[in-house]
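Remarks on the overall topology
Read off the chains here:
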Amino acid sequence: MSAVITTHALTKTFKTHTAVDALDLHVPQGLVYGFLGPNGSGKSTTMKMLLGLTQPTSGDIEVLGQPLTRASRTELLPSIGSLIEAPPGYGHLTGRENMRIVQDMLDLSTAQIDHALATVRLTEQQHKLVRNYSLGMKQRLGIAMALARDPALLILDEPTNGLDPAGIEEIRTLLIDLAGRGITIMVSSHLLDEIDKMASVLGILSSGKMLFQGTRDQLFEHSVPDLVIETPDPQAAHAQGINATLVPEGIRLSGIDKDQTAKVVYQLAVAGVPIHEVRRVPQSLEDVFMDLTGRGGPL
Ligand SMILES: Nc1ncnc2c1ncn2[C@@H]1O[C@H](COP(=O)(O)OP(=O)(O)OP(=O)(O)O)[C@@H](O)[C@H]1O
Ligand SMILES: [Mg+2]
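Residues numbered from 1 in each chain as written. Chains lettered and ligands numbered in written order. Predicted model: local features only at pLDDT ≥ 70, side-chain atom pairs only at ≥ 80, totals over all residues. Heavy atoms only, no water.

Side note on the sheet that holds strand β15 (residues 277-281)
Taken together, four strands build an open sheet; the order of strands is β13-β14-β12-β15 and the sheet is antiparallel. Unpaired on one side and paired on the other, β13 (245-247) and β15 mark the two borders of the sheet. This sheet shows a mean twist of 30° between the axes of neighbouring strands, independent of strand direction. As paired elements, strand β12 (residues 226-230) and β15 share five bridges and run antiparallel to each other. Within the sheet, the bridge partner assigned to Val228 lies in β15 and is Arg279. (Pairing = 2+ DSSP bridges. Helix = DSSP H or I, 4+ residues; strand = E, 2+ residues; numbered from the N terminus. Axes fitted to C-alpha atoms, helices over the stretch in contact; angles between N-to-C directions.)

Some points on the packing of aromatic side chains
The full count for this structure, using the stated rule, is one aromatic pair. Judged by centre distance (6.4 Å) and plane angle (45°), the rings of Tyr33 and Phe35 are tilted. By relative accessible area, Phe35 is classed as buried at 0%. (Phe/Tyr/Trp six-rings, centres within 6.5 Å; stacked < 30°, edge-to-face > 60°. Buried < 20%, exposed > 50% of the residue type's maximum accessible area, 1.4 Å probe, protein only.)

Description of the site of ligand 1
Taken together, Phe14, His17, Ala19, Pro38, Asn39, Gly40, Ser41, Gly42, Lys43, Ser44, Thr45 and Glu158 make up the full set of residues near ligand 1. Take Gly42: an N or O atom from its main chain is 2.9 Å from an oxygen atom of ligand 1. Isolated, ligand 1 exposes 640 Å² of accessible area, and the fraction of that covered by the protein chains is 59%. When residues of the shell around ligand 1 are traced back to their parent elements, those giving at least two are β2 (17-23) and α1 (43-50). No other element matches the three residues that α1 contributes to the shell around ligand 1. Considered class by class, the residues forming the shell around ligand 1 number three nonpolar, seven polar and two charged. (Near = heavy atom within 4 Å. Polar contact = N/O pair within 3.5 Å; in protein donor to acceptor, adjacent residues only side chain to side chain. Areas by Shrake-Rupley, 256 points an atom, 1.4 Å probe, with all protein chains shown as cover. Nonpolar A, V, L, I, M, F, W, Y, C, P; charged D, E, K, R; others polar.)

Structure, rendered in structure tokens:
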């Protein structure tokens, strides 16, 4: 599958702090790429470098088949729509008036503006002042501004930040729909849940380093299902010094392989803890993500 964004050893250092550390990104064409990482992991800094808004300290970027340089940036930017950090737009103007500014700046047709507003379902609300928009509407207006130029690539930094579940669902449906029309979408979030159902490929960042890049299924290959040991005396099991959490049916252990399972079961049996059942329970994607980012080391 051809890549729309490729980076090689992309690095950004602020004074002594390395915010983005030797990143090899590979964003395939025509799908939603979920760029995940905790706060401060370097998502925005990476996206700003991809848009030429921040200069990398070192490393290479290729966007839409061209190396990103000061010269190529002017040529590439009309094909890239972006939404970085807070939603744009002047509150004292209407949605339509804000779109008009974008239209004039990029020399777009009225049809392009109408189409973008319709795509994000703001046609009916276009004459309202943006300061009276809900956060979800503001985010959608931001996406409309990014979309109006008919981009090949959309780079959206946390477009679901602060939205309620219905707002998140709305953005999710919209982005899946746009990817279905062949637009490549790179979307960041610090919450896996928000992005899981829309992204086909995930890139997981922690402290500026890529911990994982691949499909959801590939991510699950790195997961060891939790172990639940059912016992009527979970306190006694817990008292054995095993690193476990108490659950209603007994204790739950994470990241335990087969050998470790045998040892734990033996230890509990020797200690006289009654064991009714031992079973594997698949981790949620959130657990896999937390394990990964919590551990801090690359896979
Ligand atoms: N202009 C700057 N000068 C100095 N340090 C910066 C600058 N911009 C970002 N940083 C630092 O780089 C690191 C990564 O920041 P960045 O904003 O890229 O993270 P993020 O993943 O987008 O976080 P969030 O989820 O909070 O938006 C942070 O430690 C941040 O403090
Ligand atoms: Mg950010």
